[in-house]
Amino acid sequence: QVQLVESGGGLVQAGGSLRLSCAASGRTFGNYAMGWFRQAPGKEREFVAAVSGSGISTYYVDSVKGRFTISRDNAKNTVYLQMNSLKPEDAAVYYCAQAITMATNTDRGRYRYWGPGTQVTVSS
């Protein structure tokens, strides 16, 4: 039932910023935690950030802590990922996902719905 669509990806120079958005369908958007994952060529999909259903609690992978900020606007059924001070190693396809719980979760297996992804490229 739930459909997710990411946007905001693109090419940015190292040190620059991008803001990703994920628009979700469904009338119970606020009941579920949302997460951002990324996958670079030749690598496993990895957890990046998550936000609880209420938007109060957040969690980040150590490599992006202090640079990325996840947030949500439940009235707009949208989750965001503000990415600052981007590094070449941040380049990947970024995926938005909806969890099966309200609490934040880093486990890919706890996310039921996934968007098609948006490409983020960071030049040196």
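In the block above lies the structure referred to throughout.
Thresholds, definitions, all that
- Residues numbered from 1 in each chain as written.
- Predicted model: local features only at pLDDT ≥ 70, side-chain atom pairs only at ≥ 80, totals over all residues.
- Heavy atoms only, no water.
- Helix = DSSP H or I, 4+ residues; strand = E, 2+ residues; numbered from the N terminus.
- Rg over C-alpha atoms; globule rule 2.2 N^0.38 Å.
- Buried < 20%, exposed > 50% of the residue type's maximum accessible area, 1.4 Å probe, protein only.
- Contact = heavy atoms within 4.5 Å.
- Core = buried A, V, L, I, M, F, W, Y, C linked by side-chain atoms within 4.5 Å.
- Pairing = 2+ DSSP bridges.
- Axes fitted to C-alpha atoms, helices over the stretch in contact; angles between N-to-C directions.
- Salt bridge = Lys/Arg side-chain N within 4 Å of Asp/Glu carboxyl O.
- Disulfide = S-S within 2.5 Å.

Helices and strands together make up the secondary structure of the chain, namely zero helices and eleven strands. Taken from the N to the C terminus, the helices and strands of the chain come in the order β-β-β-β-β-β-β-β-β-β-β. Expected size for 124 residues packed as a compact globule is a radius of gyration near 14 Å; at 13 Å, the chain falls within 12% of this value. With the principal axes as the frame, the chain shows a C-alpha extent of 40 × 25 × 25 Å. Counting the 124 residues in the chain, one finds 42% classified as buried. A separation of at least 24 residues holds for 60% of the contacts in the chain among residues at least 6 apart in sequence.

Let us now look at the nonpolar core. Ranked by size, the top nonpolar core spans 27 residues in total, and within it Trp36, Val79, Leu81, Met83 and Tyr94 carry the most contacts. When residues of this core are traced back to their parent elements, those giving at least two are strand 3 (18–24), strand 4 (34–39), strand 5 (46–51), strand 7 (68–73), strand 8 (78–83), strand 9 (92–99) and strand 11 (118–123). For this core, the element with the highest residue contribution is strand 3, accounting for four residues. Among residues more than four places away in sequence, those in contact with Leu81 are Leu18, Arg19, Leu20, Trp36, Val48, Ala49, Phe68, Thr69, Ile70 and Tyr94. Residues Ala33, Phe47, Ala97 and Tyr111 belong to the second largest nonpolar core, which totals seven residues.

Let us look at the sheet that holds strand 8. The antiparallel open sheet is built from four strands, whose spatial order is 1-3-8-7. The open sheet has two edge strands, strand 1 (4–7) and strand 7, and neither has a second partner. Here the average twist between neighbouring strands, direction ignored, is 15°. Both strand 1 and strand 3 contribute to a ladder of four bridges, which runs antiparallel. Across the sheet, residue Ser7 finds its bridge partner in strand 3, namely Ser21.

Turning to the pattern of salt bridges, a few remarks are in order. The full count for this structure, using the stated rule, is four salt bridges. For the salt bridge of Arg38 with Glu46, the shortest nitrogen-to-oxygen distance reads 2.6 Å. Residue classification places Arg38 among the buried residues on the basis of a relative accessible area of 5%. Among the residues examined, Glu46 registers a relative accessible area of 32% and is labelled partly exposed. Here Asp90 makes a salt bridge to Arg38, at a shortest N to O gap of 3.0 Å. You can see Asp90 sitting in the loop between strand 8 and strand 9 and its partner Arg38 sitting in strand 4, a full 52 residues away along the chain. For the residue pair Asp90 and Arg38, the accessibility class agrees, reading buried in each case.

Our next topic: the side chain of Asp90. For Asp90, a relative accessible area of 1% gives the class buried. Not counting residues within four places of it along the chain, the set of residues in contact with Asp90 comprises Arg38, Val64, Arg67, Phe68, Ser85 and Val122.

This next bit is on the state of the cysteines. Under the definition given, this model contains one disulfide. With its sulfur 2.0 Å from that of its partner, Cys22 forms a disulfide with Cys96. The sign of the -80° torsion about the S-S bond sets the Cys22-Cys96 disulfide as left-handed. Of this pair, Cys22 sits in strand 3 while Cys96 sits in strand 9, and the two are 74 residues apart along the sequence.

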